[in-house]
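# Secondary and tertiary structure notes
So you can see what is in the structure, the chains are spelled out below.
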Amino acid sequence: MIQNIAHTALIVNDYDEAIDFYTKKLHFNLLEDTVLSETKRWVIVSPSGSDGCSLLLAKAVGEEQRSRIGNQTGGRVFLFLYTDDFERDYKNLIDNNIEIVREPSTEPYGTVAVFKDLYGNLWDLIEPGSRQ
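Residues numbered from 1 in each chain as written. Predicted model: local features only at pLDDT ≥ 70, side-chain atom pairs only at ≥ 80, totals over all residues. Heavy atoms only, no water.

### A look at the sheet that holds strand E4 (residues 54–59)
Just so we agree on the cut-off: Pairing between strands is defined by DSSP: at least two bridges between them are needed. To qualify as a helix, a DSSP run of H or I must reach at least 4 residues; to qualify as a strand, a run of E must reach at least 2; elements of each kind are numbered from the N terminus. Fitting a line to C-alpha atoms yields each axis, with helices limited to the stretch in contact; the angle taken between N-to-C directions then spans 0 to 180 degrees.
Spatial strand order, E1-E4-E3-E2: four strands in an open sheet with mixed pairing. Strands at the two margins of the open sheet, each flanked by one partner only, are strand E1 (7–12) and strand E2 (29–35). Looking at each pair of strands side by side, their axes are set apart by 25° on average, direction ignored. The pairing of strand E3 (residues 41–46) with E4 spans three bridges and is classified as antiparallel. Within the sheet, the bridge partner assigned to Ile 44 lies in E4 and is Leu 56.

Rendered as structure tokens:
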């Protein structure tokens, strides 16, 4: 049996501002942007060079969903962005005025820093150590 997780839904306030952040500030690729209705789009972004799980940007509908924007995991780190060059990507975060929540540190699993996306979701930027 072969299975994989294709997408993770990320609740956003606005499709275009989310696309702008992920493609211009984090340098993700816009893989798809298909209009499904007057209010709904199928928007998929993925880190550059990735062939794994991508993000489905899902515009919040209704108060319950809007209340989850930026805090889908109750204050825990939500997403983990692996990199082959921590210094390059950390500098990109700084250069783009992305809020750093926890400064870089070396952990048994690699070099890591925590940052917030445009809505406040917490991300780990990780360059895996040799045991990964």
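### Quick look at the packing of aromatic side chains
Geometry of an aromatic ring pair is reported as the spacing of the ring centres plus the angle between the planes. Put simply, the test is: Pairs were defined over the aromatic rings of Phe, Tyr and Trp, the Trp ring being its six-membered one, requiring ring centres within 6.5 Å. Orientation was assigned from the angle between planes: stacked under 30 degrees, edge-to-face over 60, tilted for the rest. We call a residue buried when its accessible area falls under 20% of the maximum for its residue type, exposed when it is over 50%, and partly exposed in between, using a 1.4 Å probe and counting protein chains only.
Scanning the entire structure with this criterion turns up six aromatic pairs. Centroid distance Tyr 22 to Phe 28: 5.6 Å. Interplanar angle 40°. Geometry classified as tilted. Measuring from ring centre to ring centre gives 6.1 Å for Phe 28 and Trp 123, while their planes differ by 70°; the resulting arrangement is edge-to-face. Of this pair, Phe 28 sits in the loop between helix H1 (15–25) and E2 while Trp 123 is found in strand E8 (residues 122–128), placing the two residues 95 residues apart along the sequence. One exposure class covers both Phe 28 and Trp 123, and it is buried. Counting every residue linked through ring pairs, the aromatic cluster contains Phe 21, Tyr 22, Phe 28, Phe 115 and Trp 123.

### Considerations on the nonpolar core
For clarity, the cut-off: Nonpolar cores were defined as sets of buried Ala, Val, Leu, Ile, Met, Phe, Trp, Tyr and Cys residues, with membership established by side-chain atoms within 4.5 Å. A contact between two residues is defined here by any heavy atoms of the two lying within 4.5 Å.
The biggest cluster of nonpolar side chains holds 29 residues, and the ones touching the most others in it are Tyr 22, Leu 55 and Leu 57. Mapped by element, the contributors of at least two residues to this core are E1, H1, E3, E4, strand E5 (77–82), helix H3 (86–95), strand E7 (110–116) and E8. When residues in this core are grouped by element, the largest group, five residues, is from H1. Residues within four places of Leu 57 in sequence aside, it is in contact with Leu 10, Val 12, Tyr 15, Ala 18, Ile 19, Tyr 22, Arg 41, Val 43 and Val 45.

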